[in-house]
There are 2 protein chains.
Amino acid sequence: MDANPILAETVRGNWVENRHRGAFAIIDADGIIIASAGDIERSIFPRSAIKSMQALAIFARHADTQFHHSAEELALACSSHNGEDFHVEVAAGLLGRLGLSEADLECGAHQPINAAARAALRALGAKPSTLHNACSGKHSGMLSVSLAMGEPTAGYANREHAVQQQVRASVEAVIGEPLTEAKCGTDGCSIPTYAAPLRAFARGFARMATGTGLTPEMGAAAKRLLDAATSLPHLVGGTDHADTRIMAAFNGRVMQKYGADGVQCGAIRDKGWGYALKCDDGNVLAAHAMVAGMLLKFAEPDADQRAVLETIAHQSIRSVRGDVVGEMRSVGF
Amino acid sequence: MDANPILAETVRGNWVENRHRGAFAIIDADGIIIASAGDIERSIFPRSAIKSMQALAIFARHADTQFHHSAEELALACSSHNGEDFHVEVAAGLLGRLGLSEADLECGAHQPINAAARAALRALGAKPSTLHNACSGKHSGMLSVSLAMGEPTAGYANREHAVQQQVRASVEAVIGEPLTEAKCGTDGCSIPTYAAPLRAFARGFARMATGTGLTPEMGAAAKRLLDAATSLPHLVGGTDHADTRIMAAFNGRVMQKYGADGVQCGAIRDKGWGYALKCDDGNVLAAHAMVAGMLLKFAEPDADQRAVLETIAHQSIRSVRGDVVGEMRSVGF
């Protein structure tokens, strides 16, 4: 197996220090490859980069007609959020309407990703709750699916639970390929994650963006989710988050979502292209530099969009004293 | 240029998620390669993995005869420490004897690496000082060199300062190769770092371990530094630190020191071998798994040493809830 190409590197002073390899594919809904590099048939764990696909389960089981998810709640279902107050409130709001609480979330609690939110919690002497978990929006959405299915909510995060079976079926439908227990693990938020070829996730996002190959109902659901995420990008990431900044700059044209361990998925919606990218070594900053480099080349950014992407494709590395001593940068695009 | 081999990977569930490539060399003082993988001629930034080489400047300028560095102070000069109380005290003690204070350290301040030390500072409502910086021992040693040279201490961290010129000369003498401004950057603690072939650092540690190729004075200085570091490993890392655990287990036989961005250097002293290792992508956990895998194979560990190395060569990955969902592991050794 040949090594994937170097798609990001760090420079310190005048010398390259680290090299990050990866693969990416930009594909249309018919499976035509617009651009790619590396082994795009290798199965990758998509992690949180496909939360918008997983959220299709809300519509597949008509939880949406029963609980009337707002655009904010749909955007948060697609998010790995910063744990800021406005994220916590949206998740708590849906849980309240479901007659549930943060105690029903099975994602675990961690400190907010956003530093100011962390500091604010600490100043209150408060511990983070499951609502601060970056995945609380996705989990709240899954609880709505559980209620719509008439299933007990306890254990909804387990692989065997009907909710996760439905999430799996929704992802299989949109990527057009079966998922298998032979390539399965548990995500950081305790739900299952299934590995599949990088190419399949890229094509799945093209189908999400166009509706091609999906039932009309699934196509409409995909449009609602991508509309929600791209029009409310502060709910998908949060203050200063790279995904939020990219989506805000593109004003609906680009769906962009990172996943843990160096995954990036999304769509250049006006072109009908989906994309998937994986940094081989799992480095999240490198993966963001890579996807910014990819979008600079292939998303036809205007000057403002280009300016935003450049700040992500070239990230300063600083000393403890705060001096710029190097940079992480995308290469090869 | 061929890619370096995969020397560590992470598994989630039953599928490989991330791959970490790297190069390593184990070399004797005559330059004979005992074992290697990957491109060992590629120049790497050694970062903090060569602090014991940099500390040779203390002896080159007879700061040791003027200020009588204790074994603790020499070990701390070789360290990237956890910022625990016992580290802070050793650094503060040397500074006091020099007639200087933490205000003279030019490394910058950061939170202690050790979580309990961080929590204790926070509970006091105290901010970290330059003494908590992982490099405060090295910097205190450099200040002693500055005084011994009769140079102004202000600016001692700058590339042009006589102290850094001496540090560079000491490293050049021990690795037996010139360093160059053409491959130079600034380390996180604001001193210069020079890239040189990985092979040269490995051989340099063999020369440190044996004295071969060094002047008698430099050989004696190297022995004092390696004796200090390996006999006081809690000062080189700290509580639960991988380097500390490895050196404690080997009871003087192995010098082991990590550097930022995935560097590992050290010596299997009883065999007279030096080693250097670099994880291409800079991942520190992966680099620790790699060096543990390397020592398992080449350092002839006994059962207790093997047990310690195995816990570093195979590190659990946990979900937010704390369940084990995968592992980082060394491969290819």
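Residues numbered from 1 in each chain as written. Chains lettered and ligands numbered in written order. Predicted model: local features only at pLDDT ≥ 70, side-chain atom pairs only at ≥ 80, totals over all residues. Heavy atoms only, no water.

Colleague: So what about the nonpolar core? Which residues, and what values?
Modeller: Residues Met53, Leu56, Ile58, Ile175, Phe201, Met208 and Cys265 of chain A are the most contacted members of the largest nonpolar core, which totals 72 residues. Ranked by residue count, the leading element in this core is helix H10 (residues 216-231) of chain A, at seven residues. Residues within four places of Ile58 of chain A in sequence aside, it is in contact with Ala63, Asp64, His69, Leu74, Ala77, Gly141, Ser144 and Val145 of chain A. Counting residues in hydrophobic clusters, the runner-up holds 70 residues, among them Leu56, Phe67, Leu74 and Leu76 of chain B. (Core = buried A, V, L, I, M, F, W, Y, C linked by side-chain atoms within 4.5 Å. Buried < 20%, exposed > 50% of the residue type's maximum accessible area, 1.4 Å probe, protein only. Helix = DSSP H or I, 4+ residues; strand = E, 2+ residues; numbered from the N terminus. Contact = heavy atoms within 4.5 Å.)

Colleague: Before we move on, can you summarise the packing of aromatic side chains with the specific residues and values?
Modeller: All names here are of chain A. In the structure shown here, the tally under the stated rule is four aromatic pairs over all chains. Ring geometry for Phe24 and Phe333: centres 5.1 Å apart, planes at 55°, overall tilted. Here Phe333 lies in the segment after strand E12 (324-330) and Phe24 lies in strand E2 (residues 15-28), a separation of 309 residues in the sequence. Using a relative accessible area of 4% as the deciding quantity, one classes Phe24 as buried. A relative accessible area of 24% means that Phe333 is categorised as partly exposed. One aromatic cluster is present, built from ring pairs that chain together Phe24, Phe298 and Phe333. (Phe/Tyr/Trp six-rings, centres within 6.5 Å; stacked < 30°, edge-to-face > 60°.)

Colleague: Hey, could you go over H10 of chain A for me, with residue numbers and the actual values?
Modeller: For H10 of chain A, which comprises 16 residues, the first-to-last C-alpha distance of 22 Å matches the rise-based estimate of 22 Å (1.5 Å per residue) to within 8%. The complete set of buried residues in H10 of chain A reads Met218, Gly219, Ala221, Ala222, Leu225, Leu226, Ala228, Ala229 and Thr230 of chain A. (Expected span 1.5 Å × (residues − 1).)

Colleague: I'd like a rundown of the environment of Gly137 of chain A, residues and numbers included.
Modeller: Residue and element names in this part refer to chain A. Note that Gly137 resides in helix H7 (residues 136-148). Here the alpha-carbon distance between Gly137 and Ile34, two residues 103 residues apart in the chain, equals 33 Å. Among residues more than four places away in sequence, those in contact with Gly137 are Leu76, Ala77 and His81.

Colleague: Can you tell me about the pattern of salt bridges, naming the residues and giving the values?
Modeller: All names here are of chain A. For the structure shown, the criterion picks out 38 salt bridges over all chains. As a salt-bridge pair, Arg168 and Glu181 come within 3.0 Å of each other at their nearest N and O atoms. In this pair, Arg168 is assigned in helix H8 (residues 162-175) and Glu181 in the loop between H8 and strand E5 (184-186), connecting sequence segments 13 residues apart. With relative accessibility at 16%, the residue Arg168 sits in the buried group. Glu177 serves as the salt-bridge partner of Arg199, at 2.9 Å between the closest nitrogen and oxygen. (Salt bridge = Lys/Arg side-chain N within 4 Å of Asp/Glu carboxyl O.)

Colleague: Run through the interface of chain B and chain A, naming residues and quoting values.
Modeller: With 45 residues of chain B at the contact, the number on the chain A side is 45 residues. Taken over both partners, the interface formed by chain B and chain A buries close to 3,500 Å², and the fraction arising from carbon and sulfur atoms is 50%. It is Arg12, Trp15 and Arg321 of chain B that lose the most area in chain B upon contact with chain A, and together they represent 18% of the buried surface on that side. Connecting chain B to chain A are four salt bridges. With a closest N to O distance of 3.7 Å, Asp261 of chain A and Arg12 of chain B form a salt bridge. Seen at the junction of chain B and chain A, the total is 26 residue pairs in polar contact (both at pLDDT 80 or more). Looking at the side of chain B that touches chain A, the elements that each hand over two or more residues are strand E2 (15-28), strand E4 (43-44), strand E5 (184-186) and strand E10 (273-279) of chain B. The leading source of residues in the side of chain B that touches chain A is E2 of chain B, at six residues. When the residues that make up the side of chain B that touches chain A are grouped by side-chain class, the tally is 13 nonpolar, 15 polar and 17 charged. (Buried area = accessible area lost by both parts, 1.4 Å probe. Polar contact = N/O pair within 3.5 Å; in protein donor to acceptor, adjacent residues only side chain to side chain. Nonpolar A, V, L, I, M, F, W, Y, C, P; charged D, E, K, R; others polar.)

Colleague: Explain the relation of the copies chain B and chain A to me, using residue names and the numbers behind them.
Modeller: Relative to chain A, chain B is turned by 180° and slid 0.0 Å along the rotation axis, the superposed coordinates differing by an RMSD of 0.0 Å. On the angle and the small slide along the axis, the relation comes out as a two-fold axis. Mapped onto chain A, 100% of the interface residues of chain B again fall at the interface, so both copies present the same surface. (Least-squares fit on C-alpha atoms with pLDDT ≥ 70 in both.)

Colleague: Please provide a residue-by-residue account of unusual backbone geometry, values included.
Modeller: Even without a glycine there, the phi angle at His68 of chain A is positive, about 50°. Topologically, His68 of chain A is positioned in the loop between helix H3 (63-67) and helix H4 (71-77). Looking at His68 of chain A, the relative accessible area reads 59%, which means it is exposed. Look at Glu300 of chain B: it is not a glycine, yet its phi comes out positive at around 50°. Its location among the elements puts Glu300 of chain B in the loop between helix H13 (284-298) and helix H14 (303-313). When its relative accessible area of 57% is taken as the criterion, Glu300 of chain B is described as exposed.

Colleague: Could you give an account of the confidence of the model for chain A, naming the residues involved and the relevant values?
Modeller: Here chain A shows a mean pLDDT of 97. Residues at 70 or above account for 100%. Under the prediction, the complex receives an ipTM of 0.96, its pTM being 0.97. (pLDDT = per-residue confidence, 0-100.)

Colleague: Please give an account of the side chain of Arg199 of chain B that cites residues and values.
Modeller: All names here are of chain B. Checked against the element boundaries, Arg199 lands in helix H9 (residues 198-210). Within polar-contact distance, the side chain of Arg199 engages the side chain of Glu177 at 2.9 Å. For Arg199, the contacting residues outside a window of four places in its chain are Ile27, Ile40, Glu41 and Glu177.

Colleague: For the packing of helix H5 (residues 85-97) of chain B against helix H7 (residues 136-148) of chain B, give the residues involved together with the corresponding values.
Modeller: Residue and element names in this part refer to chain B. Relative orientation of the contacting elements H5 and H7 amounts to 10°, with a least axis distance of 9 Å. The angle between H5 and H7 falls in the class roughly parallel. Considering how the two elements wind past one another, H5 and H7 form a crossing that is left-handed. Contact with H5, carried on its side by Ala91, Leu94 and Leu95, involves Ser136, Ser140, Gly141 and Leu143 of H7 and no other residues of that element. Partitioning the contact of H5 with H7 into residue classes produces four nonpolar, three polar and no charged. (Axes fitted to C-alpha atoms, helices over the stretch in contact; angles between N-to-C directions. Parallel < 35°, antiparallel > 145°, perpendicular 65-115°, else oblique. Left-handed = near helix turned anticlockwise from the far one by under 90°.)

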